[in-house]
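Listed here are the chains, written in short residue letters.
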Amino acid sequence: RRLTNSFIAHLEELPKFNKAMGDWHDLPEAQQTWAKAQAHFKEASQKLQRHGQQTADAHGFGNAYNATQVDDDNSIASTIADMNIKHAETLEAFSELSQSNHATQSKNLALENEVATLKAQLQQLQIHSANASIGPPPTTPHKTYIQPAPQYYQQQQYAPPQ
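Residues numbered from 1 in each chain as written. Predicted model: local features only at pLDDT ≥ 70, side-chain atom pairs only at ≥ 80, totals over all residues. Heavy atoms only, no water.

Engineer: For the overall build of the protein chain, give the residues involved together with the corresponding values.
Structural biologist: When helices and strands are counted, the protein chain shows four helices and zero strands. Across the 162 residues that make up the protein chain, the buried fraction comes to 15%. For the protein chain, the share of sequence-separated contacts (at least 6 apart) that also reach a separation of at least 24 residues comes to 61%. Carbon and sulfur atoms make up 55% of the accessible area of the protein chain, which totals about 13900 Å². (Helix = DSSP H or I, 4+ residues; strand = E, 2+ residues; numbered from the N terminus. Buried < 20%, exposed > 50% of the residue type's maximum accessible area, 1.4 Å probe, protein only. Contact = heavy atoms within 4.5 Å. Areas by Shrake-Rupley, 256 points an atom, 1.4 Å probe, with all protein chains shown as cover.)

Engineer: Now, about the pattern of salt bridges: what can you tell me, with residues and values included?
Structural biologist: Once the charged atoms of two side chains with opposite charge are near each other, the side chains can pair. Applying the stated criterion to the full structure yields three salt bridges. In this structure, the salt-bridge partner of Glu43 is Lys47, at a minimum N-O distance of 3.6 Å. Taken as a pair, Glu43 and Lys47 lie in helix H3 (residues 34-50) at a separation of four residues, close to a single helical turn. By relative accessible area, Glu43 is classed as partly exposed at 43%. Glu89 is the salt-bridge partner of Lys86, the closest N and O atoms lying 3.9 Å from each other. With a gap of three residues between them, Lys86 and Glu89 both fall in helix H4 (residues 73-134), about one helical turn apart. Judged by its relative accessible area of 54%, Lys86 falls in the exposed class. (Salt bridge = Lys/Arg side-chain N within 4 Å of Asp/Glu carboxyl O.)

Engineer: Account for helix H1 (residues 2-12), with residues named and values stated.
Structural biologist: The set of residues buried in H1 consists of Thr4, Phe7, Ile8 and Leu11. Down the axis of H1, the smallest arc covering the buried residues is 95 degrees, so these residues share one side. If you follow the buried residues of H1, they end up packed against helix H2 (18-26) and H3. (Arc of directions from axis to C-beta.)

Engineer: Describe the layout of surface pockets, with residues and values.
Structural biologist: Of the pockets and cavities examined, the second largest pocket occupies roughly 230 Å³. As for the second largest pocket, its lining consists of Lys16, Phe17, Lys19, Ala20, Asp23, His40, Glu43, Ala44, Lys47, Leu48 and His51. (1 Å grid on protein atoms, 1.4 Å probe; cavity = no way out; pocket = protein on both sides within 12 Å on 5 of 7 lines; lining within 4 Å. Points joined across faces, edges and corners; volume = space filled by probe spheres on them.)

Engineer: Can you lay out the nonpolar core for me, pointing to particular residues and giving the numbers?
Structural biologist: One finds Phe7, Ile8, Leu11, Phe17, Ala37 and Phe41 to be the most contacted residues of the largest nonpolar core, which totals 13 residues. Put simply, the parts of the chain that give this core at least two residues each are H1, H2 and H3. Per-element tally for this core: the top contributor is H3, with five residues. (Core = buried A, V, L, I, M, F, W, Y, C linked by side-chain atoms within 4.5 Å.)

Engineer: Talk me through the packing of aromatic side chains; I want residue IDs and the actual numbers.
Structural biologist: Following the criterion strictly, the structure yields three aromatic pairs and no others. On the numbers, 5.7 Å between centres and 80 degrees between planes, the contact of Phe7 with Phe41 is edge-to-face. Placement of Phe7 in helix H1 and of Phe41 in helix H3 is noted, with a sequence separation of 34 residues between them. For Phe41, a relative accessible area of 2% corresponds to the buried category. Put simply, the rings of Phe7, Trp24, Trp34 and Phe41 pair up and form one aromatic cluster. (Phe/Tyr/Trp six-rings, centres within 6.5 Å; stacked < 30°, edge-to-face > 60°.)

Engineer: Kindly report on the packing of H1 against H2, identifying the contributing residues and their values.
Structural biologist: Interaxial distance between H1 and H2 falls to 10 Å at its minimum, and their mutual angle equals 145 degrees. For the pair H1 and H2, the crossing hand works out as left-handed. Here H1 contributes Thr4, Ile8, Leu11 and Glu12 to the contact with H2, which in turn contributes Met21, Trp24 and His25. (Axes fitted to C-alpha atoms, helices over the stretch in contact; angles between N-to-C directions. Left-handed = near helix turned anticlockwise from the far one by under 90°.)

Right under this line is the structure:
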């Protein structure tokens, strides 16, 4: 019964088997045996293949209906031990990923700070460059403009006619 329940739980996660799962749950509980589950879902898998839809094989459960049921205490203990090992491996992988993520976030923060510093330096250089190209304001003293005498006016001495 445990193997059947585990098998059903895995298949319930696959949307492609929704119809077959509904048919399975419609069966009386007395008919929900391992042998019946194997036959029922093998048929459902074949129907899906005929209609070009993905099956359990595409999700890693291709031959799950061929599994055999063993209910002795050793196999149950072995299964639990295997699950505990896989769980520990998963936790270790999660811890490593978490540390890697933290390191990546720290590097990103450092890079963001460096970019902000470089932007500020660039802005200062642009201001300095603009000031250098314009140059300082002119320092020539103001000269007073004196208008020259008109050309048509010349002083001549008047000489009486002789």
